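Chain by chain, the residues run as shown.
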Amino acid sequence: MTDKVTPLAPETDPVARAAELLKEHRSSIDRLDAILVYTLGERFKHTQAVGVLKAEHDLPPSDPDREAIQIARLEELAKAADLDPAFAKKFLNFIIQEVIRHHRQHQS
């Protein structure tokens with residue numbers, strides 16, 4: 001007599017359950033990535049408008065005081081969101097540098 005292995009139902013098979021959870025997490029990540037991209041697009045529309053205003057009124061492309069306030073604000077938001085504040089600071093610094101680059105282009 002041979003023993004037949006009966007496959008486990010997905011709800012009791014740990015590998016199948018892990019695969020389903022992985023699929024759900026990846027779906028959420030994909031949705032959040034889309035939100036991030038569209039949010040950054042919207043943000044850059046506003047910073048482009050700021051760059052045009054600064055160029056029209058001969059204002060400097062960067063505002064170190066505002067940047068410092070924004071970085072401190074983002075670090076606090078990161079803490080509240082349980083996100084590494086150092087990562088949030090790096091991320092915002094990257095965005096700020098890109099915005100300043102755009103502002104300088106408007107002044108050329």
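Residues numbered from 1 in each chain as written. Predicted model: local features only at pLDDT ≥ 70, side-chain atom pairs only at ≥ 80, totals over all residues. Heavy atoms only, no water.

### Here's the deal with unusual backbone geometry
Glycine aside, the phi torsion of most residues is negative, and most peptide linkages are trans. This is how the line gets drawn: Think of it this way: any DSSP run of H or I at least four residues long counts as a helix, any run of E at least two long counts as a strand, and we number them from the N terminus. To sort residues, take the accessible area from a 1.4 Å probe on protein chains only and compare it with the maximum for the residue type: under 20% means buried, over 50% means exposed, and anything in between is partly exposed.
Despite not being glycine, D58 has its phi angle at roughly 55°, a positive value. By the element assignment, D58 lies in the loop between α1 (14–56) and α2 (64–80). Residue class for D58 comes out exposed when judged on its relative accessible area of 70%. Positive phi, close to 60°, is recorded for D82, a residue that is not glycine. Position of D82 relative to the elements: it lies in the loop between α2 and α3 (85–107). The exposure class assigned to D82 is exposed, which follows from its relative accessible area of 74%.

Remember that the coordinates give geometry; whether it matters functionally is a separate question.
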